[in-house]
Amino acid sequence: MSMGTSEAVLHVLSGAVPRLFSSDLCSSNLDLVFSSKYHIKSVNKKGSSYMQRFKCLRLARCQIGSYMCKPLGGGLYGNRAIGRLKLLRCKCERAESVSGVGMDEGNGAWFVDSAKKLNLNGSINSPNILEFEAVEQLKREKEGLTSNGTVGTGTSTFHKASVDSIEDEAWELLRDSMVYYCGSPIGTIAANDPTSSNVLNYDQVFIRDFIPSGIAFLLKGEYDIVRNFILHTLQLQSWEKTMDCHSPGQGLMPASFKVRTVPLDGDDSATEEVLDPDFGEAAIGRVAPVDSGLWWIILLRAYGKCSGDLSVQERVDVQTGIKMILRLCLADGFDMFPTLLVTDGSCMIDRRMGIHGHPLEIQALFYSALLCAREMLTPEDGSADLIRALNNRLVALSFHIREYYWIDMRKLNEIYRYKTEEYSYDAVNKFNIYPDQISPWLVEWMPNKGGFLIGNLQPAHMDFRFFSLGNLWAVASGLATTDQSHAILDLIEAKWADLVADMPFKICYPALEGREWQIITGSDPKNTPWSYHNGGSWPTLLWQLTVACMKMNRPEIAAKAISVAEKRISRDKWPEYYDTKKARFIGKQSHLFQTWSIAGYLVAKLLLADPNAAKILTTEEDSELVNAFSCMISANPRRKRGPKSLKQTYIV
Ligand code: GLC
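Calculation notes
Residues numbered from 1 in each chain as written. Predicted model: local features only at pLDDT ≥ 70, side-chain atom pairs only at ≥ 80, totals over all residues. Heavy atoms only, no water. UniProt positions renumbered as here; feature names shortened; annotations may be inferred. Near = heavy atom within 4 Å. Polar contact = N/O pair within 3.5 Å; in protein donor to acceptor, adjacent residues only side chain to side chain. Areas by Shrake-Rupley, 256 points an atom, 1.4 Å probe, with all protein chains shown as cover. Nonpolar A, V, L, I, M, F, W, Y, C, P; charged D, E, K, R; others polar. Axes fitted to C-alpha atoms, helices over the stretch in contact; angles between N-to-C directions. Helix = DSSP H or I, 4+ residues; strand = E, 2+ residues; numbered from the N terminus. Left-handed = near helix turned anticlockwise from the far one by under 90°. Contact = heavy atoms within 4.5 Å. Expected span 1.5 Å × (residues − 1). Buried < 20%, exposed > 50% of the residue type's maximum accessible area, 1.4 Å probe, protein only. Salt bridge = Lys/Arg side-chain N within 4 Å of Asp/Glu carboxyl O.

As named in an unreviewed UniProt entry, the protein is Alkaline/neutral invertase, taken from Theobroma cacao. In its Function (unreviewed entry) section, the UniProt entry covering the protein states "Invertase that cleaves sucrose into glucose and fructose." What UniProt records for the protein under Sequence similarities (unreviewed entry) is the sentence "Belongs to the glycosyl hydrolase 100 family."

J.: Help me out: how do you make sense of the site of the ligand in this one?
T.: Near the ligand, the surroundings consist of A190, Y202, F206, R208, D209, M348, D350, Y532, H533, E576, Q594 and W596. Interatomic distance of 3.4 Å between a side-chain N/O atom of Y532 and an oxygen atom of the ligand. Interatomic distance of 2.9 Å between a side-chain N/O atom of Q594 and an oxygen atom of the ligand. Relative to its unbound accessible surface of 310 Å², the ligand loses 96% to contact with the protein. Along the lines of polarity and charge, the residues of the shell around the ligand split into six nonpolar, two polar and four charged.

J.: Got a minute to help me understand the packing of helix α8 (residues 166-176) against helix α9 (residues 207-219) in this structure?
T.: The contact between α8 and α9 brings their axes to 12 Å, and the two run at 115°. Crossing handedness for the pair α8 and α9: left-handed. Of α9, the residues touching α8 (which contributes W171, L174 and R175) are S213, A216 and F217. Here the residues of the contact of α8 with α9 sort into four nonpolar, one polar and one charged.

J.: How should I be thinking about helix α11 (residues 290-307) in this particular structure?
T.: Since one α-helical turn is 3.6 residues long, residues separated by three or four positions face the same way. Helix length check: α11, at 18 residues, gives a terminal C-alpha distance of 27 Å against a target of 26 Å (1.5 Å per residue), a fit within 8%. By the criterion of burial, α11 is predominantly enclosed, with 16 of the 18 residues buried.

J.: Whenever I open this one, the pattern of salt bridges confuses me. Can you help?
T.: Side chains bearing opposite charge may pair, as long as their charged atoms lie close to each other. Tallied over the entire structure, the rule returns 23 salt bridges. Where R301 meets E375, a salt bridge forms, and the shortest distance between an N and an O atom there is 3.1 Å. Highlighted residues: R301 in helix α11 and E375 in helix α14 (residues 360-376), separated in sequence by 74 residues. R315 is paired through a salt bridge with D317; the nearest N and O atoms lie 2.6 Å apart. Here R315 falls in the buried class, since its relative accessible area comes to 0%. Under the relative-accessibility criterion, D317 is labelled partly exposed at 25%.

And the structure:
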């Protein structure tokens, strides 16, 4: 190749993003609503930091005239909120909802037919299974055991659900978890567990937890809650945030937020609702929610694709929000790698688990968000540099992950024979990995057929643990190549007893034990071996598994996992996670009625019924990226060095 790699890449990519939407940005009627009706006010001093809150003194869009939220005598969640909502909702809301791909009807047939074809030995949720569940349920009730959901303050809704299908129950629970802000649904509470005495922040709307809820609503044709979520969290993004006088980068999205009802200034008899975000400044361990903004971009694209309403992503403020997230992620630092450098606990695993550095989960979400943003960005003056930086990063990132994170038998054997201390530009062992690092478990565990992306890569360190979300999202986003994606699914099949066992899906494998656990987790009692983040099993991961399976056209794997979950998830009251090597126990400190367990199951079922719908979440490289990537692969690894030529334009 005569051109330098980066030159070639840039050549291929310059001006690569097609003008997707010609938009008259000012014509969006949502714009009018959201731009003028909120008032930001600093209302509370907490220690040295000012907490800014987002107030609703007048209702958005659906409110006629001005509105002040009156005392509601309690929380804002669940059925109570629904009652209030009915009073406030006005006719215009329905009229405004956009017609899109209706997915709630007529697609059940695929599953039954396919299940027959797949010959799953009756292990799927066929009508027989549901009947079986119902019979079991009745038996339990007869025996006087606690039936589904009849806990503490449980209402008759739970009883009713026990005789309905698991799916109906899940929908009911999901709707009960909806959170309202000034009368409009804007998210779902993390857990709705009436038995829990230790709520912590599980009464908040978490950005990452809402994703499966949002997808379930989208696939059901209920778009309002997702649009509201997107637009309200966007407002939170521009909050001034500080922790001990330090402000994180602009563009950071919160980990979670809460709707609070507070007395109205100067009026003792009235209250108002405020949105109170947490950017990590109150979170346990003060962890930075790096994944929030990335998930937000992924959901925004899914919303547009599913509803057909592109007006949200075309709005000026939404475009700015996308760019702010991108700028934060693409900013120059000291890094040698194209992967995002983050602290421990900056994603779903939000406690210390030794995943600081360049964890796979963040890289997969980063790649996915870059591709989604690329599709949605409206080219305009001033964004060309950003788009170029984005394209450069996409290519470099996929190259880096596919090359250096991938392991299978062949690669493992290569690492096993690595020479070390190679000082040169064309070292084979670039990161100076000492072969002794290959853990004995991995030598046994690696199947002959299959492979996976390792958890993390740093100088002289490969974290060989299998992290599920990162691997599944690498498949969904196309960060893994087609061959690698199939190999990941092959490995899941080969290691079913370890990764699924009695409940899908293990968050990572294997668990840290003994001294390693002490040092790496800081002796965290919540993350003991085979519990919680340390090798616990999380039902919510079922939806990411299903997306990956649908993308690779291997639905039978997802169907099998769903059937495992169905055996007990509802009976166990939708736990947050399971413990032990085989996921036999409900997690030690697991919350029940965990919303993303419920929503994850629903999304998995909806996708199984309509695999095509997974396209709202999956991404593919377009031909420009494929070309740029192959240029990079075929380039001589000993790249020309020296002063930058004038033609090379690295722009950030
Ligand atoms: C736990 C999980 C985190 C999740 C939160 C709310 O902190 O580790 O991923 O978002 O609970 O469910």
